[in-house]
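Residue-level structure breakdown
Next come the chains, spelled out residue by residue.
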Amino acid sequence: MSALAIAPAIRDATASGGAVVALESAVITHGLPKPAALDAVRRQWAACEKAGAMPAVVAVFDGRLRVGLSLEECATLAERDDAVKVSPWNLGAALASPRFGGTTVATTVLAAALAGLRVVSTGGIGGVHPGDGQDVSADLSELSRRPVCVVCAGPKSTLDAAGTLERLETLGVPVVGWRSSVLAGFLATSAGLRLPARAETVDGLAQLLAHHWDLGGAGVVVSQPLTGDLAIPSSELAAAETATARGPERTPAELRQLQARLGERVIDANLALLERNAALAGSLAVALGRVMKPVAARRG
């Protein structure tokens, strides 16, 4: 039995050229309190479907890397106190024990590529942590390997945004601003860093991705800023305490600190950006279906 399990509906959709968006599940197990996490899944699910795409939640579930959990299975995952945060480095171990886990962006990108999916939606990507630059998320290296686009609200607010952007450039991963020329700041509107490329329409963005992949490129990050009425000022986010945790527990610990200090505003902003990113990802997946075939035909 293969360690990778793709839901029949997802397999059928990809085989027929349908639009599918992969959704990470670390937000269910480690990102938000349980009620908010399940609300986030439902809102992302509905946003994808409204855009004409099928949502495919990725997770380690009952000893397999699953692509396409049901909402009921997402609720089961949220109730598992033993669920681990799954990155590529511990994926094999997690499949053996505890057999349940929420996938990071890196593992979701890996699973999406194996399942033939091109678009992943998430809240914020991992990146370079402040300090000596040695604590770096596997999200970045996995993006450099897989031809998958991640729609997000920029690097998590506790990260070194400039260092993350520089590392992505070194890895050959383009960062494209969605109707913006500056990097999104996750919970804030902007990280204050200029981007070399922007897209105004989903067809234009899909065309950019198609050219990138046609020439052998791997991952792409699409940065969608959170709107001003929902965003938290950068000055408030910067006031967070320094986390003592390192490695895979560092980002969840830092986000818990923010939630403890800023309360429901952090959860509301998270829910809003997850829903907005899923909507854009769904529209992009549909647009890629229109664009990729003509590009492939011209190449042939």
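Below, the structure is looked at part by part.

Rules used in this analysis
- Residues numbered from 1 in each chain as written.
- Predicted model: local features only at pLDDT ≥ 70, side-chain atom pairs only at ≥ 80, totals over all residues.
- Heavy atoms only, no water.
- Core = buried A, V, L, I, M, F, W, Y, C linked by side-chain atoms within 4.5 Å.
- Buried < 20%, exposed > 50% of the residue type's maximum accessible area, 1.4 Å probe, protein only.
- Helix = DSSP H or I, 4+ residues; strand = E, 2+ residues; numbered from the N terminus.
- Contact = heavy atoms within 4.5 Å.
- Salt bridge = Lys/Arg side-chain N within 4 Å of Asp/Glu carboxyl O.
- Pairing = 2+ DSSP bridges.
- Polar contact = N/O pair within 3.5 Å; in protein donor to acceptor, adjacent residues only side chain to side chain.
- Phe/Tyr/Trp six-rings, centres within 6.5 Å; stacked < 30°, edge-to-face > 60°.
- Lys NZ or Arg CZ within 6 Å of the ring centre and 35° of its normal.

Across soluble globular proteins, nonpolar side chains have a tendency to be buried as a group. Ranked by internal contacts, the top residues of the largest apolar core, which has 62 residues, are Leu 32, Leu 187 and Leu 284. Sort the elements by how many residues they give to this core and helix H12 (residues 264-299) lands first, with 15 residues. Leu 187 has contacts with Ser 157, Leu 226, Ala 231, Ile 232, Leu 237, Leu 258, Val 266, Ala 269, Asn 270 and Leu 273, leaving out every residue within four places of it along the chain. Listed in part, the 38 residues of the second largest apolar core include Val 105, Val 120, Val 148 and Leu 183.

Counted according to the given criterion, the structure contains 11 salt bridges. For Arg 145, the salt bridge is made with Glu 142, and the minimal N-O distance between the two is 3.0 Å. Look at Glu 142 and you get buried, because its relative accessible area is 2%. A salt bridge links Arg 198 to Glu 200; the nearest nitrogen and oxygen atoms lie 2.6 Å apart. For Glu 200, a relative accessible area of 40% gives the class partly exposed.

A separate point is the pairing of strand S9 (residues 175-178). Alternating positions in S9 separate into two faces, Val 175 and Gly 177 on one and Val 176 and Trp 178 on the other, with burial throughout. In the sheet, S9 pairs with strand S11 (residues 220-223) via three bridges, with the strands oriented parallel. Note that in S11 the partner of Gly 177 across the bridge is Ser 223.

Before going further, it helps to examine helix H8 (residues 161-170). If you check which residues of H8 are buried, you get Ala 161, Gly 163, Thr 164, Leu 165 and Leu 168. Structurally, the start of H8 carries an N-cap: the backbone nitrogen of Ala 162 is 3.3 Å from a side-chain oxygen of Asp 160. Count one or two residues on from H8 and you reach Gly 172, which has phi positive near 80°.

Here we come to the environment of Ser 70. When you line up the elements, Ser 70 lands in the loop between strand S4 (64-69) and helix H4 (71-78). Residues Ser 70 and Phe 186 lie 116 residues apart in sequence; the distance between their C-alpha atoms is 27 Å.

Counting through the fold element by element, Thr 122 comes out in the loop between strand S7 (119-121) and helix H7 (138-143). The class of Thr 122 is buried, set by a relative accessible area of 1%. Excluding its chain neighbours within four sequence positions, the residues that come into contact with Thr 122 are Glu 24, Val 105, Val 150, Val 151, Cys 152, Leu 274 and Asn 277. A distance of 2.8 Å separates the side chain of Thr 122 from the side chain of Glu 24, its partner in a polar contact.

So, about the packing of aromatic side chains. What characterises a pair of aromatic rings is the spacing of the ring centres plus the angle enclosed by the ring planes. Applying the stated criterion across every chain yields a total of one aromatic pair. Measuring from ring centre to ring centre gives 5.0 Å for Phe 61 and Phe 100, while their planes differ by 75°; the resulting arrangement is edge-to-face. Of this pair, Phe 61 sits in strand S3 (residues 54-61) while Phe 100 sits in strand S6 (residues 100-103), and the two are 39 residues apart along the sequence. The residues Phe 61 and Phe 100 share a single accessibility class, namely buried. In this structure, Arg 80 packs its charged tip against the face of Phe 100, placed 3.9 Å from the ring centre.

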